[in-house]
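Results of the structural survey
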Amino acid sequence: MAAMPKFQTFMQDATTFQLQLPKPVTHTRFVDRVRELPDKFNVFRELAPTRLRMRGPEGPCNSAMRTRVGFFGGLVLQGITFATPFAMNGPMVFNSFADFQSKCAAEGTRPKQYFCDQGAYGACNPKRNVELASIYWEALARGKWERFINTRIAPFLECYNFIRCPTSTKSFPEMGPLAAYLLTADLSYSGIVSPPSLDDITAVVYEINKGAASALEKLGLVTPRRGKGKLNRQECRNALEYIHRIVGTILPSDQHAHLCYDYILIEHALCKFSRVSKKNLL
């Protein structure tokens, strides 16, 4: 656990920057990157610019997410447009695939990267493109989403598996474990999916097996993976519970609600710690 002090300082710096506290930060290069690319480096997921837009009057969140149009907007964001100028400045609600096309065309002549960042979540994914919007819209025909969500608050992992659809006939191509989790998290904050429990977030971190898992290894909280193997599941659960407790002591108690202190934040913070560590920003 030799890296834990660095993680704690990382969280302290992120908190100092986010809350504009009157004290210096330790890792100035990390804070500079948050300032430059907040959607990709802000530790506090729900306070990043695109999420603020999505939850605001321009976005499809809250009760609208129960509809085909609202859910389509969420799929487009997480599956296509996240971390692009279009996501930051363009429309976020589309009444159909044709409406999405029309609103993209209204932006004028733009490079493909304006609408779709193929490396939005790390490694470049050449299959991530604007053409996916047509597939997503058609997959939602005949009330597929409305029948699933209905008027209930869906269990977190049930919704995650609905989006991920781990079969040979995926309804939402390129919505793999990570993108499916991110959209489920969006839906959780919209109030139509339950917040993830410790067991839920353990299952997600274990299956995604990327940034958060790497951070737990770096922190010495789990047995290192072998090759393309996965973490020990119980160790992963114990480590996430420990990190949740540590982060709770770092964040000012009167700011827990504002900073969205929960297990989604813990997974997100671990991913950012892994990213900035690889970029030698700490």
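Above this text is the structure in question.
Residues numbered from 1 in each chain as written. Predicted model: local features only at pLDDT ≥ 70, side-chain atom pairs only at ≥ 80, totals over all residues. Heavy atoms only, no water.

**What about unusual backbone geometry?**
- Even without being a glycine, Q20 presents a positive backbone phi close to 55°.
- Structurally, Q20 is set in the loop between helix 1 (4-19) and helix 2 (28-36).
- The exposure class of Q20 is exposed, given its relative accessible area of 60%.
- Even without a glycine there, the phi angle at R142 is positive, about 60°.
- By secondary structure assignment, the location of R142 is in the loop between helix 8 (132-139) and helix 9 (144-149). (Helix = DSSP H or I, 4+ residues; strand = E, 2+ residues; numbered from the N terminus. Buried < 20%, exposed > 50% of the residue type's maximum accessible area, 1.4 Å probe, protein only.)

**Focus: the pattern of salt bridges**
- Tallied over the entire structure, the rule returns 14 salt bridges.
- R51 is paired through a salt bridge with D186; the nearest N and O atoms lie 3.3 Å apart. One end of the pair, R51, is in helix 4 (residues 49-55); the other, D186, is in helix 11 (residues 177-189), and 135 residues separate them in sequence. Across the pair, D186 and R51 agree in class, each one buried. (Salt bridge = Lys/Arg side-chain N within 4 Å of Asp/Glu carboxyl O.)

**Observations concerning the environment of L19**
- Turning to its location among the elements, L19 is positioned in helix 1.
- Measuring from C-alpha to C-alpha, the distance between L19 and F115 comes to 31 Å, with 96 residues separating the pair along the chain.
- Those residues within four positions of L19 in sequence are excluded, and the remaining contacts are P252, Q255, H258 and L259. (Contact = heavy atoms within 4.5 Å.)

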